[in-house]
Amino acid sequence: MRTLTKWSNTIMERYLPDPYIFVAILTLVVFALGLGLTDSGPLDMVVFWGDGFWGLLAFTMQMVIVLVAGHVLASSPLFKKGLSNLAGLAKSPGSAILLVTVVSLIACWINWGFGLVIGALFAKEIAKKVKTVDYRLLIASAYSGFIIWHGGLGGSIPLSIATADHPFADIMGVVPTSQTIFSTYNLIIVGILFITLPILNRFMMPKKEDTVTVDPDVLEDEIIIEEVTEQTPASRLENSWILSMLIGALGVIYLGHHFGVNGFDLNLNIVNLIFFILGIIFHGTPKRFLAAVANAVKTAGGIIIQFPFYAGIMGMMVTSGLAAVISEGFVNISTAATFPLFSFYAAGIVNFFVPSGGGQWAVQAPIMLDAAQSLGVSYSKTAMAIAWGDAWTNMIQPFWALPALAIAGLRAKDIMGYCVFVLILSGIVISVGLYFF
């Protein structure tokens, strides 16, 4: 295993470009595929790209806030102490890898936005405690828990089809989560990944001479706060803990109302609000909170620049019909027994170009649900096959790794050599679960 991961890391280090270069190349590939596999002409594809370029603007801002607010919360003294105490449970490099994987799996099963940020932040704290652990593998292990998100409580597809009047209710009706998230086959897949993924990550630990460590001092977030030379009404407000507590109280009351009315609805906006409110409270004063924000914003550049390009790719994929062509190709070779399996593979391929669970479901659902009806396959299993495909290839798609990489201060090529093996293991586990159960 060590030999394989060393070889994989070498390949990724040599050939995997910066995520911006990756998305630029991906844009050109989709452009060419659209010309070759659909009736779209060159100008059509350019228009599809341009029209879609800002299609993820709201989501981009949500992801920036996930990153910034999570970073701000993690830099607060109280939260840092809590993460540090939990990280103290790791006494060796092996236990560090196991612990961060399990914590990431649990967090991502609860909510993907929560898990992405908490996993990376926790990994940084562990690296401060266990100085001999391979930092690349530690962050890869934190990211690997993301594989489970669409089979968990925050899965966008199963939650969507469990809602009255969802876009495909006239075809499949309302599908309760007992048939998706809490179905036997889904729980089996989740359970096996909970057991095997930490073990896999542990086995990928490099030899001592190949281990890449990090100086713990480098991981400290330096928050620079200007000294107050003169007490003025403005400076008193900036350093007032009362103002922070009042704003925090508003947030806590709203969150209590939200969960009281909607139950455990932990959507991305609520996750962001939790991070923000706790950051305000835990930093104590507005001045310290704003200093933490200024420090955190530096890490958001990759998301701001690259996400519009993915939106453009989605525009070409969807409007040209290229995503439908890929889906139909898998449908044509499917039987009733293999249809969930091929739906999973088709979704995994489409996810490379449409890295959004909701967007992917909107594109693939009409084709896959029609095929499921013809083959006599349950709608719920078809939906979960697409959901798992959406999660699966995230392991080698830099789009979702950007927040974790920004927090960790690493490049995509630093962790993707490990993530390839997570892709292989999870692909086998999910395939077996969908086919045999």
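Residues numbered from 1 in each chain as written. Predicted model: local features only at pLDDT ≥ 70, side-chain atom pairs only at ≥ 80, totals over all residues. Heavy atoms only, no water.

Turning to the packing of helix α18 (residues 339–353) against helix α22 (residues 412–436), a few remarks are in order. Packing of α18 against α22 brings their axes to within 8 Å, and their N-to-C directions diverge by 150 degrees. For the element pair α18 and α22, the recorded crossing hand is right-handed. Every residue of α22 that contacts α18 at P340, L341, F344 and Y345 is listed here: G427, I430, S431, L434 and Y435. Of the residues belonging to the contact of α18 with α22, the class tally is seven nonpolar, two polar and no charged. (Axes fitted to C-alpha atoms, helices over the stretch in contact; angles between N-to-C directions. Helix = DSSP H or I, 4+ residues; strand = E, 2+ residues; numbered from the N terminus. Left-handed = near helix turned anticlockwise from the far one by under 90°. Contact = heavy atoms within 4.5 Å. Nonpolar A, V, L, I, M, F, W, Y, C, P; charged D, E, K, R; others polar.)

Now for the packing of aromatic side chains. Enumeration according to the criterion identifies 28 aromatic pairs in this entry. Aromatic pair F276 and F289: ring centres 6.1 Å apart, planes at 55 degrees, arrangement tilted. With a gap of 13 residues between them, F276 in helix α14 (residues 268–283) and F289 in helix α15 (residues 286–297) connect regions that are remote in the sequence. Their ring planes at 65 degrees and their centres at 6.2 Å tell us that F342 and Y345 sit as a pair that is edge-to-face. Separated by three residues within a single helix, F342 and Y345 lie in helix α18, roughly one turn from each other. Here the aromatic residues F59, W112, Y143, F146, W149, F307, Y310, F399 and W400 are joined through ring pairs into a cluster of three or more. (Phe/Tyr/Trp six-rings, centres within 6.5 Å; stacked < 30°, edge-to-face > 60°.)

This part takes up the nonpolar core. One finds I126, L138 and W361 to be the most contacted residues of the largest nonpolar core, which totals 144 residues. With 13 residues, α22 is the single largest residue contributor to this core. If we skip the residues at most four places from it in the chain, L138 touches A96, I97, V100, A123, I126, A127 and V133. (Core = buried A, V, L, I, M, F, W, Y, C linked by side-chain atoms within 4.5 Å. Buried < 20%, exposed > 50% of the residue type's maximum accessible area, 1.4 Å probe, protein only.)

What follows covers helix α16 (residues 301–320). Between its first and last C-alpha, α16 extends 30 Å over 20 residues, near the 28 Å set by a 1.5 Å rise per residue. At F307, α16 shows its maximal bend, which comes to roughly 25 degrees, and the proline P308 appears one to four places after that position. Of all the 20 residues making up α16, 14 are buried; the element is thus mostly covered by neighbouring parts of the structure. (Expected span 1.5 Å × (residues − 1). Bend = angle between axes of the 7 residues up to and from the residue.)

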